[in-house]
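Chain by chain, the residues run as shown.
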Amino acid sequence: MKLRLLFLPELITETQITTFSKGQIETVAISKEVYQKLAYRDTTEGILAVAKSKSHQLSDLKLSKNPLILIAEAPEKPGNIGALLRTADAAHLDAVIIANPKSDLYNPNSVRSSVGCLFTNQIATGTTTEIIDFLKKRNINFYCATLQNSTSYHTQDFTKPTALVVGTEATGLTEEWRNQATQNIIIPMQGEIDSMNVSVAAAILIFEAKRQRNFNL
């Protein structure tokens, strides 16, 4: 499928579009009425794109010899997915894997909250069983953030091939993850609550792993 750009002449000129596309992308001028129906927000720049989405199969992932991966099980809120992708990009992770996805990766809120990191990260999706099998076949240790049978996250060695697994804020990770984890881990908290926003928790775990790997913070 060829990339196609739709543009509103009142907001951006055809000359600007041609410069942007370098003449290699099909461009189509549309009316204001059509644009208003297609655009997700009123403050867009006058350009819309129609493109084929990337493949997100586990088999498509290209991992380094010592990968660091983030796995999120069944995230429901597109905003959380976007925030996770921003953190993954900031830490330059090998990949982000979504287990049992409940939301479209290309939901406008995911795209917006990721500030484009949806397109900079390697992303794959699959069932929990498929992903665990994928990790085990590649000898990748996986550490599950959960309250049950857990030890403090900072006591673990994340310098080897590692996947950090987070669940939903409401129900946490499923039993399959907890039972098969290399180790269940917890972020100690001193307040009254027993959980935090999933993207915040993921960031804490990720940058501890990066610290252990001598990342230049």
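Read on for an overview of the structure. Just so it is clear, the model here is predicted, and its values are computed rather than measured.

Here is what the cut-offs are and how they apply
Residues numbered from 1 in each chain as written. Predicted model: local features only at pLDDT ≥ 70, side-chain atom pairs only at ≥ 80, totals over all residues. Heavy atoms only, no water. Phe/Tyr/Trp six-rings, centres within 6.5 Å; stacked < 30°, edge-to-face > 60°. Helix = DSSP H or I, 4+ residues; strand = E, 2+ residues; numbered from the N terminus. Buried < 20%, exposed > 50% of the residue type's maximum accessible area, 1.4 Å probe, protein only. Salt bridge = Lys/Arg side-chain N within 4 Å of Asp/Glu carboxyl O. Pairing = 2+ DSSP bridges. Right-handed = clockwise from strand over helix to strand, strands pointing away. Axes fitted to C-alpha atoms, helices over the stretch in contact; angles between N-to-C directions.

## Things to note about the packing of aromatic side chains
Part 1: Counted according to the given criterion, the structure contains 3 aromatic pairs.
Part 2: Considering the side-chain rings of Phe142 and Trp177, the 5.6 Å spacing of their centres and the 80° angle between planes classify their relative orientation as edge-to-face. Pair noted here: Phe142 is in strand S7 (residues 141-145) and Trp177 is in helix H6 (residues 175-180), with a separation of 35 residues, a long-range link. Across the pair, Trp177 and Phe142 agree in class, each one buried.
Part 3: When the centroid spacing of 5.0 Å and the interplanar angle of 80° are considered together, the rings of Tyr143 and Phe158 count as edge-to-face. Taken together, the residues Tyr143 in strand S7 and Phe158 in the loop between strand S8 (151-152) and strand S9 (162-166) connect sequence positions 15 residues apart.
Part 4: Tyr143 sits in the buried class, given a relative accessible area of 5%.
Part 5: Taking relative accessible area as the criterion, Phe158 reaches 0% and is therefore assigned buried.

## Describing the pattern of salt bridges
Oppositely charged side chains may form a pair once their charged atoms are brought near each other.
Part 1: Evaluation of the coordinates by the stated rule reveals 4 salt bridges.
Part 2: A salt bridge links Asp133 to Lys137; the shortest N-O distance between them is 3.2 Å. Taken together, the positions of Asp133 and Lys137, both in helix H5 (residues 128-137) and 4 residues apart, correspond to about one turn of that helix.
Part 3: The exposure class assigned to Asp133 is partly exposed, which follows from its relative accessible area of 38%.
Part 4: With a relative accessible area of 61%, Lys137 lands in the exposed category.

## Description of the sheet that holds S7
Sheet strands associate in pairs through backbone hydrogen bonding, adopting either a parallel or an antiparallel arrangement.
Part 1: Pairing within the open sheet is parallel, and its 7 strands lie in the order S6-S5-S4-S9-S7-S10-S8. The open sheet has two edge strands with one neighbour each: strand S6 (123-126) and S8.
Part 2: One ladder, built from 5 bridges, connects strand S4 (residues 68-73) with S9; its direction is parallel. Its bridge partner being in S9, Leu68 is matched across the sheet by Thr162.

## A few points about the pairing of strand S1 (residues 4-7)
Part 1: Note that S1 and strand S2 (residues 26-29) share 4 bridges and pair parallel. Bridging across to S2, Arg4 finds its partner in Glu26.
Part 2: The pairing of S1 with strand S3 (residues 47-50) spans 4 bridges and is classified as antiparallel. When the sheet's bridge partners are listed, Leu6 is paired in S3 with Leu48.

## So, the pairing of S6
Part 1: Direction of pairing for strand S5 (residues 95-99) relative to S6: parallel, over a ladder of 4 bridges. Within the sheet, the bridge partner assigned to Val96 lies in S6 and is Ile123.
Part 2: Between the parallel pair S5 and S6, the chain is carried across by helix H4 (residues 108-113), and the sense of this crossover is right-handed.

## Some thoughts on the sheet that holds S1
Part 1: Strand order in this open sheet of 3 strands is S2-S1-S3, and the pairing throughout is mixed. A single partner strand is all that each edge strand has here, and the edge strands are S2 and S3. Neighbour-to-neighbour, the strand axes of the sheet open up by a mean angle of 25°, direction not taken into account.

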